[in-house]
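Examining the three-dimensional arrangement
This is what each chain is made of:
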Amino acid sequence: MNLVLFGPPGAGKGTQAKLLTDKRGLPQLSTGDMLRAAVAAGSPLGLRVKSILEKGELVPDELVIDIIGQRYDQPDCAHGAVFDGFPRTIPQAEALDTMLAARGKQIDLVLELKVDDAVLLSRVEARIKAGGVLRSDDTPETLKHRLGVYYKNTAPLLDFYRAQGKLRTLDGMAPVGAVTAAVAVILDGPTAG
Ligand code: ADP
């Protein structure tokens, strides 16, 4: 099964993706994690994207399409994967469909985690107050910018996947366990759990 976790920055996609990995053995394919790893490693890709990530802009489509294609061809994705933070633009979604079709696969479902902007901002502020290790793009200012990018470039994908009949929307403001339970109902049916 190939799933897309969809939603604004800070919606909880990574948290749910990790749970899907643990419970269902579907690897989490997070382009954000892959790009941050490239920055940390100082690779040519990392050097190219570092300032883009810091500003909260989108990395060029061809770069993320390339890294996701290479990652998907690893053996652990043979039975599917959870795409987290990808696709973020219509060209990325089209490239993903093409890549999967060439392998006899498809996106089965797109799970949208719906969270109000005010809640996203308060989550970031809570993380700052808690004083944990923060990403360089985890500031209220950059989050506002990333949200703007989300509404402009990424939210149009909701119609793209709705038209394919694949979109399921969940309340991302519910507690983590309740979101996980709602995901299980979608994947396994109402008798799940
Ligand atoms: P979040 O969902 O919290 O915004 P991510 O970890 O998914 O964070 O992404 C962090 C940053 O990495 C983005 O702001 C963007 O710069 C870059 N990025 C990640 N995925 C993509 C993508 N699919 N297309 C373009 N840029 C991306």
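In the block above lies the structure referred to throughout.
We now turn to the structure provided with this report. Since the model is a prediction, treat every value here as computed from it, not as a measurement. (Residues numbered from 1 in each chain as written. Predicted model: local features only at pLDDT ≥ 70, side-chain atom pairs only at ≥ 80, totals over all residues. Heavy atoms only, no water.)

**So, the overall build of the protein chain**
In plain terms, the rule: Note on conventions: DSSP H or I runs of at least 4 residues are helices, E runs of at least 2 residues are strands, and numbering of each starts at the N terminus. Two things to know: the radius of gyration comes from C-alpha atoms, and the globule rule equals 2.2 Å times the number of residues to the power 0.38. For each residue, the accessible area found with a 1.4 Å probe, counting protein chains only, is set against the maximum for its type, and the residue is called buried under 20%, exposed over 50%, and partly exposed in between. Where accessible areas are quoted, they stem from the Shrake-Rupley method and a 1.4 Å probe; at the residue level, only the protein chains shown are allowed to cover. Charge convention: Lys and Arg are scored as positive, Asp and Glu as negative, and His as well as the terminal groups of each chain are ignored. Charged groups are reduced to one reference atom each: NZ for lysine, CZ for arginine, CG for aspartic acid, CD for glutamic acid.
When its secondary structure is counted, the protein chain shows nine helices and five strands. Starting at the N terminus, the α and β elements of the protein chain follow one another as β-α-β-α-α-α-β-α-β-α-α-α-β-α. Its C-alpha radius of gyration of 16 Å places the protein chain within 12% of the 16 Å reference for a compact globule of 193 residues. Taken over 193 residues, the protein chain has a buried fraction of 44%. Roughly 9600 Å² of accessible area belongs to the protein chain as shown, and the carbon and sulfur atoms make up 58% of that amount. Measuring between centres, the 23 positive side-chain charges of the protein chain sit 2 Å from its 23 negative side-chain charges.

**Describing the sheet that holds strand 4 (residues 109-114)**
Which entries qualify depends on this criterion: Two strands pair under a simple rule: DSSP has to find at least two bridges between them. Between N-to-C directions, angles span 0 to 180 degrees; the directions come from axes that are lines fitted to C-alpha atoms, helices contributing only their stretch in contact.
Overall, parallel pairing links the five strands, which are arranged 2-3-1-4-5 in an open sheet. Both outer strands of the open sheet, strand 2 (28-30) and strand 5 (167-171), are each paired with one neighbouring strand and no more. Averaged over all neighbouring strand pairs, the angle between strand axes comes to 25°, with direction disregarded. Two elements, strand 2 and strand 3 (residues 81-84), share three bridges in a ladder whose sense is parallel. What sits directly across from Gln28, in strand 3, is Val82.

**Remarks on unusual backbone geometry**
Phe86 connects to Pro87 through a cis peptide bond whose omega is 0°. You can see Pro87 is positioned in the loop between strand 3 and helix 5 (90-102).

**What about helix 1 (residues 13-24)?**
How we decide: Expected helix span is taken as 1.5 Å per residue step, with the number of steps being one fewer than the number of residues. An arc is given here, and it is the one of the directions from the helix axis to the C-beta atoms. In this analysis, two residues are considered to be in contact whenever any of their non-hydrogen atoms come within 4.5 Å of each other.
Taking 1.5 Å as the rise per residue, helix 1 with 12 residues should run 16 Å; its terminal C-alpha atoms sit 16 Å apart, in good agreement. Those residues of helix 1 lying buried are Lys13, Gln16, Ala17 and Leu20. Buried residues of helix 1 fall within an arc of 105° about the axis and therefore sit on the same side. Where helix 1 is buried, its residues meet strand 1 (2-6), strand 2, strand 3, strand 4 and helix 9 (176-188). Downstream of helix 1 by a residue or two, Gly25 has a phi angle that is positive, lying close to 70°.

**Focus: the packing of aromatic side chains**
Two aromatic rings, taken as a pair, are described by how far apart their centres are and by the angle between their planes. Test applied: Note on aromatic contacts: the rings of Phe and Tyr and the six-membered ring of Trp form a pair at centre separations within 6.5 Å, being stacked when their planes are under 30 degrees apart, edge-to-face when over 60 apart, and tilted otherwise.
With the rule as written, the count across this model stands at five aromatic pairs. Relative to Phe86, the ring of Phe83 lies with its centre 6.4 Å away and its plane at 40°, an arrangement referred to as tilted. With respect to burial, Phe83 and Phe86 carry one shared label: buried. Judged by centre distance (5.1 Å) and plane angle (90°), the rings of Phe160 and Tyr161 are edge-to-face. By the ring-pair criterion, three or more aromatic residues cluster together here, those being Phe6, Tyr150 and Tyr151.

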